[in-house]
Amino acid sequence: MSKVIRIGTRDSELALWQANTVKNKLEALGHKTTLVPVKSTGDLVLDKPLYELGITGIFTKTLDVAMLNGDIDIAVHSMKDVPTALPKGIVQAAVLERANFLDILAFKKNEEFMGERDAIIATGSLRRKAQWLNRYPTHTVVDLRGNINSRYEKLENNDWNGAIFAAAGLERIGLEPENTIGLTWMVPAPAQGAIMVVAKEDDEFIREACAEINHEPTEICTKLEREFLRILEGGCSAPIGALATISKENEVTLKGVLLTIDGKKKLEAEFTAPLGKHSYLAKDCANSILSRGGKLLMTYATDIVENTKIFSTRTLTPDQINLFDQDIKVKSEDFIKISPNRISSLILKKEIQNVIITSQNTVEAILKSVSPEELKFKNIYCVGGKTKRMIKRYIGPVKHQEKDAKNLANYLVEYMEGTEVTYFCSNLRLDHLPTVLAENNIKVREIEAYTTKHAPAEVEDSVEGIMFYSPSTITSYLLKNSPDNRVAYCIGDTTAEEARKHFETVYVAKIPTVESVIELVNQTYGKD
């Protein structure tokens, strides 16, 4: 137990309370610990592009990045804020015993407004908003953001009747409003009231230490709730609630709810099974809702969002959609479709001295064509950190990596061994890399590893900004749309270079991730 466990935490009062709770539990078992306050994501110094690991949660990504970068050993989260899919290399290490899972209403003066036609309720949660409007359809729900303290202060300083909070959050920081009502009829967010500890998958010592503070009944319940959420959420931002409980008779009950954002439509399901035979409850509950019109309801929930202002040419996840500022209405759709080609085994089984791979799609195509053991690639050069990690995991070591094809071409001209390279690419690849190499007397052998097909759609007139992730998405967009006076938000320099040929205003994300493009939209939209 000589190792000091570094506990990563944000600096909000609630985050510190949760981190100290974990700290105390570990120290009570004889472990040495220390709290490590983590700066905002933009302040972190990274030696590799960790943002490409699928980190999406607005409240969790800073700590995820710090952990993958080796700055902390564990991170402590409010479990309801953690995306259902954890980044590669990070796993759930423990769940603490659940606190109060209820939502509560803090109100002013008296509660008579609940029986009146007009009232104003504040919440930043789509789930709470939808359930409140379902029960009180004539009330007005206004947006409320910030930490618990600032949200409660806003309630005191605004002409609202009340605001909805998570009971556990208020209790943990000792904030006890004078007038509150427990909303027992409101289905909480999946895993609400629970604290999750995450760690690196390959750190056996840390995972064993955290396992000692794990609370199994809470783990069972939250796993069901999050599985229910995962099955339903695929690409839709509809409000979802779930609650699992274990009775004294060892019966596990799961209740789930799906609503439209305006609360006008609601579907519920509830199933019970004996403990030990409960693993299918989430699937049964979700399928019950889907079979009774859940898919149509989710489509309706998406379609009622009017006056779309931002359009993404790649389908966004629910977690990503929730990262946008509240007043920015967003729609998304894939503007390119990728299909791997069958690459001749005669090509892949030969020894190749120099190989260029510029995307994960190429890796997938290669692995579908032959087994990794049959490959004889001597020097692999690639573009992008995520591509590099995929190559290292499934194929072998990477000789050198650059952030884009231009930089890789310049590097190869300077340092590559030999005068010939095999370039696995798409049918719509850019010309820069092979052109630069050819100009410097390096023979380029191109192998079409996958096919990129344009899948454009007409974007409605209200859209003011388009999010692009590659030159191909721009080309696809222009097949059915014009630039007009729209703003182009680009994931990187290569995409931005293409966008500037068509758009007057082009913004480029600081980091080549979807989340960084979303942050860019939040920072610049409507500011001109």
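Worth saying up front: this structure is predicted, and the values here are computed from it rather than measured. (Residues numbered from 1 in each chain as written. Predicted model: local features only at pLDDT ≥ 70, side-chain atom pairs only at ≥ 80, totals over all residues. Heavy atoms only, no water.)

### Remarks on the overall build of the protein
Within the protein one finds 17 helices and 24 strands. Relative to the globule expectation of 24 Å for 528 residues, the C-alpha radius of gyration of the protein, 25 Å, shows essentially globular dimensions. Projecting the C-alpha coordinates of the protein onto the three principal axes gives extents of approximately 80 × 60 × 45 Å. Looking at the protein residue by residue over its 528 residues, the buried ones come to 51%. Taking the intrachain contacts of the protein between residues at least 6 apart in sequence as the baseline, contacts between residues at least 24 apart amount to 64%. Summing over all exposed atoms, the protein offers an accessible surface of approximately 25,000 Å²; the carbon and sulfur share of this is 46%. (Helix = DSSP H or I, 4+ residues; strand = E, 2+ residues; numbered from the N terminus. Rg over C-alpha atoms; globule rule 2.2 N^0.38 Å. Buried < 20%, exposed > 50% of the residue type's maximum accessible area, 1.4 Å probe, protein only. Contact = heavy atoms within 4.5 Å. Areas by Shrake-Rupley, 256 points an atom, 1.4 Å probe, with all protein chains shown as cover.)

### Quick look at the environment of Gly 70
Looking at where Gly 70 falls in the secondary structure, it is placed in the loop between α2 (61–68) and β3 (74–78). Along the sequence, Gly 70 and Val 521 sit 451 residues apart, while their C-alpha atoms lie 30 Å from each other.

### Quick notes on helix α15 (residues 471–478)
Extensive coverage of α15 is indicated by the burial of 6 of its 8 residues. Those residues of α15 that sit buried are Pro 471, Ser 472, Thr 473, Ile 474, Ser 476 and Tyr 477. Packed against the buried residues of α15 are β16 (336–340), β21 (443–454), β22 (465–468) and α16 (493–499).

### What to know about the nonpolar core
The biggest cluster of nonpolar side chains holds 23 residues, and the ones touching the most others in it are Leu 224, Phe 228, Leu 232, Leu 254 and Leu 258. Mapped by element, the contributors of at least two residues to this core are α7 (216–233), β11 (240–246), β12 (251–259), β13 (266–274) and α8 (281–303). No other element matches α8, which puts 8 residues into this core. Here Phe 228 is in contact with Ile 240, Gly 241, Ala 242, Leu 254, Gly 256, Val 257, Ala 282, Cys 285, Ala 286 and Ile 289, once residues within four sequence places are set aside. (Core = buried A, V, L, I, M, F, W, Y, C linked by side-chain atoms within 4.5 Å.)

### Examining the packing of helix α13 (residues 405–415) against helix α14 (residues 432–439)
Where α13 contacts α14, the two axes come as close as 9 Å, and the packing angle between them is 20 degrees. Judged on the interaxial angle alone, α14 and α13 are roughly parallel. Crossing of α13 against α14: the hand is right-handed. When α13 is examined against α14, the residues Ala 405, Lys 406, Leu 408, Ala 409, Asn 410, Leu 412 and Val 413 are found in contact with a partner set consisting of His 432, Leu 433, Val 436 and Leu 437. (Axes fitted to C-alpha atoms, helices over the stretch in contact; angles between N-to-C directions. Parallel < 35°, antiparallel > 145°, perpendicular 65-115°, else oblique. Left-handed = near helix turned anticlockwise from the far one by under 90°.)

In short, the description is geometric, and any link to function would need to be established separately.
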